[in-house]
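Architecture and fold: a report
For reference, the chains in residue letters:
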Amino acid sequence: MASLAEPPASRAPSRSPALSPAPGPSRCGGERRRNASDAGADLGAVQDTQLRSVDLNHVIKLLEDSDSKDLEKEQLKTLKKVVKHFENGLPLKDLAQVIEILNLCAEKMNEQEAFTEPLCELIKLCGLPFQKKKSSDEISYSVAVSKSIAQLGYLMRVPSSQVRIQICKCVVSFYNMELPRKLLSGYQPTSANYKIQMAELGGLAETLVLSLALVENQLTEKLWVLKALQHLSSSGVNCRLMMKAQAASRLCLYLNGVDPSGQLVFRSSEILWNLLENTSKEEVVNQLSSLECVHALKEVFVDLLMHGFRHYDHQLRNDLLVIATLVAENPAAPMIESGFAKLLIVLATFTEVKIPNPLVKGLKLTYSYEDFELKKLLFNVIGVLSKDPCAVQLLSENDVIPALLYYVKPNQKPGFHDWSAAQYEELQLHAIAILASVAPLLVDKYLSCQANTLLLVFLEWCIGQDPFFGQGNSFHGTGGRGNKLAQMRYSLRVLRSVVSLYDDAVNLNLCDQGAISQLLDILKYAANKSKEKEDAILLEIQADILFLLSVLCENDLHRKELFSYEGVDILIPFIQMDPKKLHSGLGHNCLLFSALDCLWSCIIGCYIAEDYFLEKQGIFLLLDLLALKQKNLCNIILGILVEFCDNPKTTSHISTWRGEKGQTAANLLVQLWRQEELELGVKRDRYGRIVDMKRPIASSFQKQQEVIPMPASCPSFAIMEISENIRAKLYSLLCKLGFENLPGLSAKDFVTLAIIRRYIDFKVGEVWSELCAELKEEFRPVASDEEALKVISEMSEDTGRMIAALQTEVLESQHHQEIQEEEKAYIKIQAIHKQKEMVNKSWENFLTRTSNYEALKKAKRLQEKSIEASRSKTKTQNGAVHSTDIKGLGTTIGSGRLVTVESTPPQLMGGPLAVTDLALRKPSVCEGALKKIKKVKTLDSVKKDSVPVE
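Quick notes on the rules
- Residues numbered from 1 in each chain as written.
- Predicted model: local features only at pLDDT ≥ 70, side-chain atom pairs only at ≥ 80, totals over all residues.
- Heavy atoms only, no water.
- Helix = DSSP H or I, 4+ residues; strand = E, 2+ residues; numbered from the N terminus.
- Buried < 20%, exposed > 50% of the residue type's maximum accessible area, 1.4 Å probe, protein only.
- Areas by Shrake-Rupley, 256 points an atom, 1.4 Å probe, with all protein chains shown as cover.
- Salt bridge = Lys/Arg side-chain N within 4 Å of Asp/Glu carboxyl O.
- Phe/Tyr/Trp six-rings, centres within 6.5 Å; stacked < 30°, edge-to-face > 60°.
- Lys NZ or Arg CZ within 6 Å of the ring centre and 35° of its normal.
- Patch = residues over 30% accessible without salt bridge, like charges linked within 9 Å, V, L, I, M, F, W, Y side chains within 5 Å.
- Axes fitted to C-alpha atoms, helices over the stretch in contact; angles between N-to-C directions.
- Parallel < 35°, antiparallel > 145°, perpendicular 65-115°, else oblique.
- Contact = heavy atoms within 4.5 Å.
- Nonpolar A, V, L, I, M, F, W, Y, C, P; charged D, E, K, R; others polar.
- Core = buried A, V, L, I, M, F, W, Y, C linked by side-chain atoms within 4.5 Å.
- Lys, Arg positive; Asp, Glu negative; His and termini not counted.
- Charge placed at Lys NZ, Arg CZ, Asp CG, Glu CD.
- pLDDT = per-residue confidence, 0-100.
- Left-handed = near helix turned anticlockwise from the far one by under 90°.
- Expected span 1.5 Å × (residues − 1).
- Disulfide = S-S within 2.5 Å.

So, about the overall build of the protein chain. Counting secondary structure elements, the protein chain contains 43 helices and six strands. Scored against the burial criterion, the 950 residues of the protein chain give a buried share of 44%. Here the protein chain displays about 51600 Å² of accessible surface, and carbon together with sulfur accounts for 54% of that area.

In C-alpha cells, the structure reads:
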C-alpha cells in the first residue's frame, strides 16, 4: 500500500542471472568487475557449478558451530551463496532444511545483527513460488511444507522490525504470486493456491494473531501484520483459526489506537467483517461484547462521526455502526452501561425532535448518500434496542415515538436541500416499520402523541385519490411502486402491534374515532384491488384488517352491531375462497384464518349479525369448507359451528346442507370423528367397534404415558387431550343436532355414532382410571374406597361392553337387511328370466302356427272353444243377437275392423308413388312399373295405409 510505512531498506542485491556468461555485477561478496575473456568465462562456470552444488547439510552444520569472528564471515558468505543458489525459488525437497537454516539465523540474531540481512533474504525466497519436479510432490511434501510455513509465523518472535515486516510481506505475496524470471531446469512452480492451502493447514493465521501482542507498540509492524491478516481472513479456515486466538476482541481493542494514516481502523474493520462473514456470527459478537470492546467501538465511531470529512471516513463510520448493531443484538453486550445505546438513540432522533442535546452539539448531517445510509442504520439500531427491556427507559426519555411519528404524514414534494422523493419514502417506511416495534413498549407515550389519529388520517390518505406514485425501491417498499400499498401495509402493522396488546384505552381510542367503519372501507378497497391482481402485499393488508376488526369487536355487542351488515357482506367472499388458492403460497391460508377469526369475534353473539349471516347462507359455506377435511381448518370451523348453534335457526341450516353426492352434515361429522381417531391411534376392529373395553377412546399416546401423580390444579392427560383434538367439538355439535333421526347415515356411521353418543361417559371413565392409578402409586385405599373405585371401574367397562353389544346388533341388523335386499334382487331377476321364457315360448308358438297349417287349425279351434266358454250362458230375450265372428277369417289372433299395411319398399317402386290413394298394385312385366288393375272400394272411415277386412 502506498501510504503504508515501509521498513528501512537494506542494500538491494543485483538480479543478474546466475549462469549468464555476460559480464555483470556478481552477488558473491565484494568481487570486482572483470573483462569478458575466455579465462573469466571459465572461472564463472566453475563458480556457478559450486553454487549449484550447495550442500544444505553442510550449511546447517556450519551454522551450528560455535561463534567466532572468522567463522561468522564464513557463515555469512555461505548464506549468501544459498540465497544466490535459490534466487529462482525453493524446491519442495529442500524447504525443510532452508527453514532450519532460518531458525539458526534467528537464534544468532540475538547477539549478531549481521545475520539480519541474510535472514530477510531467505524469508524473501519463501515468497517465491515453490518448485516441484513431479505433480505428486505437492501432496508428498504437504506435511513438511505446512510445518515450514508455520515456522515463518513463529519467526515473529525475532525482535527485529525488518524481519517481522519481511515475514508479513512474504505472507502477502502468497496472494499476489509472481513467477521468477528464470525457472530451474527440470522444475516447475507449484499451483497458485498451494501456499495458501499450506498456510491454512499449518495454522499460520492463528500465529500471526498471537504475534499482535509483540508489535502492540510498533505501529508500522502492526499495520503489516494487519495487512497479512486481512489477506488470510479471506478464507473460512483461517478465520476459524483466528477466532481461536480471540482475533475479534484483540482487533477491536486496537481500533482506537493512534494512527495518522487511518489504516489501523480500516484494516481492523475489514478483518472483523471477514470474521463475521466466514465464521459463526454469534462467536464473533460474543468476543466483541466486553465493556472494553464496546468502549473502543464507541470512541472510534464518535471520532469518525465528528471529525471524519472524507467519503472514505463516512463509509468506515457506517461499517462500524453495522458492527455495533450486531453487538447490540446480544443481550449480554453492555451497550447501555457504556453509554453507546443512548448516543445512538439521540443520533437517530435529533433531526426530527429538534431538542438540543450535548451529545450531538455541533453535529449536522448532510443529504449525502452516506448520511442517508447512516440514518437508516440508526433507525435499525432503535429496532434492535427495542428488544431489550432495559432500553425502554432510554427510548422514552429521548422522544423516539414523536421522532418516528414525524414520518406518519402524506408525502410532500422535496425541497432543494432535502432528501429525494425515493430517499424520503424509504426513510418514511423504515420509520413506520420501527414504530411497530417501539409503540407496544411505550403505550402511554403513543396515546399522548395522538398516534391513533395520525395513523387513521394517514390511512385515509392511502386510499384517497391523491396522485402519489411510490418508488418501491427499498426493502420496505416492496410492492409499493406506483401506489400507496407499502405505506398502508406498515401503518396497519403499527395498529396491529398496539391493538394486539388488548389494551382497553388503545382500543376505545380507536373505536371512538370511527376506526371500525374506516377499516371496513379500507378492507373493501383492498379486496377490490385484489380482484385486479392478487399479490402477497394485498393479502397481508386484508389479513391485518380482519385481525384488527376481530380484536376491536370481541366481547363488545355495540361494536359487533356496527360491523354487522356491511361486515358480513365483505366477509362472505373470503369464506367462498377457492380451496385451490390455499396452497398458492401467497398468503391465502392466513387470510382465510383471519376471516374465520373475524367471523367468530365480530358476528357470533350478535343476533342481528348472526341472522344476516344465516340469510346469506353462511352456514352452508362453512360446511363446504369443513367438507375439505383439512386438519388446520376443521378445529376453528367446528368451534364456530358449535357457538353458532346457540342461535335456534342454525340447526335447521346444518340439517338442510348437502355436500357432494348428497352427503349430509351428520355423515360428514361422523367421518371426521373416524379420521381423527385414526390419526390418534385409537384401537378399533375392522367394522369400527370398540376393542378396549377399559379405555374405549384412549389414544395410543395416552396409553404410552406412565402414571405421574399430579396436583389437583394440573390437568391430567385425559383432560389435556380434550383440547388437543376435535372430538369434543364434534360431540358438542352432534349434541346440538340430536342423535336421533339423523339423515344420510350408513350402518358403519351408526356404529361410530354409538361411541360418540357416550363420549362424556368414556371420558369420565378415563379420568377415574387415572385417579385410581395415581392413588395406588402413593396410597393404599381403605376397603370401602377400594370397593367404590372397583364399582366405578366396572361401570365404565360395562358401558364399553354395552356399546360394543349395541354396535354388534346394528351390524347384524344391517347384515340381515342386506340379505333381505339380496333376496328381493334375486326374486326380481327370476321374474325377469321367467318373463323372457314366456316371451320366447309365445314366439315359438307363433312360428309354429305360421309354418304348420294343422297347428293353426288346432289353435283356431282352441280359440273358438275358449271364446265360447267365456260367453254368458243366459240368453237375451226379445233382443237382436249380433254375431261377433268374422266369416272366413284365417287368423288366430284377436282382430279389429282395420288391418295396418306397411308401405311398399322404395326399391320395388322405383320412386315415390304417383298417387296418394292406397290401392292394390303389382309390378308390370313389360314396363317394370306399377299398374292399376282393380279399384278397391273403401269405407269413408278407413284411414290411409289401411284396407277393410271382408
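Further remarks concern the pattern of salt bridges. Tallied over the entire structure, the rule returns 35 salt bridges. A salt bridge links R310 to D313; its shortest N-O distance comes to 3.0 Å. A residue is classified by how much of its surface remains accessible, and R310, at 39% relative accessible area, is partly exposed. The buried category is assigned to D313, whose relative accessible area is 6%. The salt bridge partner of R757 is E740, with a shortest N-O separation of 2.9 Å. Of this pair, R757 sits in helix α39 (residues 747-757) while E740 sits in the loop between α38 (727-737) and α39, and the two are 17 residues apart along the sequence. Here the residues in one salt-bridge network are E677, R684, E721, R727, K763 and E766, joined through shared partners.

The next thing to look at is α38. What α38 keeps buried is the set R727, A728, L730, Y731, L733, L734 and L737. Positive backbone phi, at 90°, marks G738, one or two positions downstream of α38.

Ring pairs (aromatic) are described by centroid distance and by the angle formed between their planes. For the structure on display, the rule yields 15 aromatic pairs. Aromatic side chains Y367 and W419 sit 4.9 Å apart centroid to centroid with 85° between the ring planes, which places their arrangement in the edge-to-face category. Within this pair, whereas Y367 is found in the loop between α18 (340-353) and α19 (369-385), its partner W419 is found in the loop between α21 (400-405) and α22 (421-438), the two being separated by 52 residues in sequence. Given the relative accessible area of 42%, Y367 is considered partly exposed. With a centroid separation of 5.6 Å and 90° between ring planes, the pair formed by W673 and Y759 is classed as edge-to-face. Of this pair, W673 sits in helix α35 (residues 665-680) while Y759 sits in helix α40 (residues 759-778), and the two are 86 residues apart along the sequence. With respect to burial, W673 and Y759 carry one shared label: buried. Members of the aromatic cluster, joined through ring pairs, are Y367, Y369, F372 and W419. For K409, the ring lying beneath its charged end belongs to Y406, and the centroid distance is 4.0 Å.

A cluster of nonpolar side chains, contributed by I760, V764, W768 and L771, occupies part of the molecular surface with about 320 Å² of accessible area. As for its position among the elements, W768 is in helix α40.

Between α39 and helix α41 (residues 783-851), the least distance of the axes is 9 Å, while the angle of their chain directions is 170°. Considering their axes alone, α39 and α41 lie roughly antiparallel with respect to each other. Of the residues in α41, those in contact with A747, F750, V751, A754 and I755 of α39 are I803, L806, Q807, V810, L811 and Q814. Split into classes, the residues belonging to the contact of α39 with α41 amount to nine nonpolar, two polar and no charged.

Positive phi values are uncommon outside glycine, yet K661 reaches one of about 55°. Look at K661 and you get exposed, because its relative accessible area is 88%.

This part is about the nonpolar core. Residues L275, L549, F613, L622 and L626 are the most contacted members of the largest nonpolar core, which totals 249 residues. Here this core takes 13 residues from helix α28 (residues 536-553), the largest share from any one element. When neighbours within four sequence positions are excluded, L626 is seen to be in contact with C634, I637, L638, L641, L668, L669 and L672.

Among the structural elements, V707 can be located in the loop between α36 (700-704) and α37 (717-723). The sequence separation of V707 and E774 amounts to 67 residues, and the corresponding C-alpha distance is 6.4 Å. When near neighbours in sequence (up to four residues on either side) are disregarded, V707 contacts A773, E774 and E777.

Let us look at a negative patch on the surface. Taken together, the side chains of E64, D65, E100 and E107 define an acidic patch exposed on the protein surface. Tracing the backbone shows E64 in helix α2 (residues 56-64).

Another point: the confidence of the model for the protein chain. Confidence in the prediction of the protein chain, expressed as mean pLDDT, is 82, and 85% of residues score 70 or more. The model gives residues 1-52 a pLDDT under 50, and that stretch makes 50 contacts with residues more than four places away or in other chains. Predicted confidence is poor over residues 913-950, with pLDDT under 50, and the contacts of this stretch with residues over four places away or in other chains come to 33 contacts.

A few words on the packing of α35 against α38. Running from N to C, α35 and α38 cross one another at 160°; their axes reach a closest spacing of 10 Å. One finds that α35 runs roughly antiparallel with respect to α38. Both α35 and α38 take part in a crossing whose hand is left-handed. For the pair formed by α35 and α38, the contact residues are L669, L672, W673, E676, E677 and L680 on the first element and R727, L730, L733, L734 and L737 on the second. Tallied by class, the residues present in the contact of α35 with α38 amount to eight nonpolar, no polar and three charged.

Right, let's talk about helix α7 (residues 142-154) for a bit. Look at α7: 19 Å from first C-alpha to last across 13 residues, which is about the 18 Å you get at 1.5 Å a residue. Restricting attention to buried positions, one finds in α7 the residues S142, V145, S146, S148, I149, A150, L152 and G153. Buried residues along α7 sit in contact with α4 (95-109), α5 (116-126), α6 (137-140), α8 (161-173), α9 (194-202) and α10 (204-211).

Within the secondary structure, L343 is located in helix α18. What makes L343 buried here is its relative accessible area of 5%. When the C-alpha atoms of L343 and L359 are compared, they prove to be 6.8 Å apart, with 16 residues separating the residues in sequence. Residue contacts for L343: discarding those within four places in its chain leaves K298, V302 and L359.

Let's shift gears to the state of the cysteines. As enumerated under the stated definition, the model contains zero disulfides in all. The structure places no disulfide on C126, whose sulfur is separated from the nearest cysteine sulfur, that of C170, by 5.3 Å. Among the residues examined, C170 registers a relative accessible area of 2% and is labelled buried.

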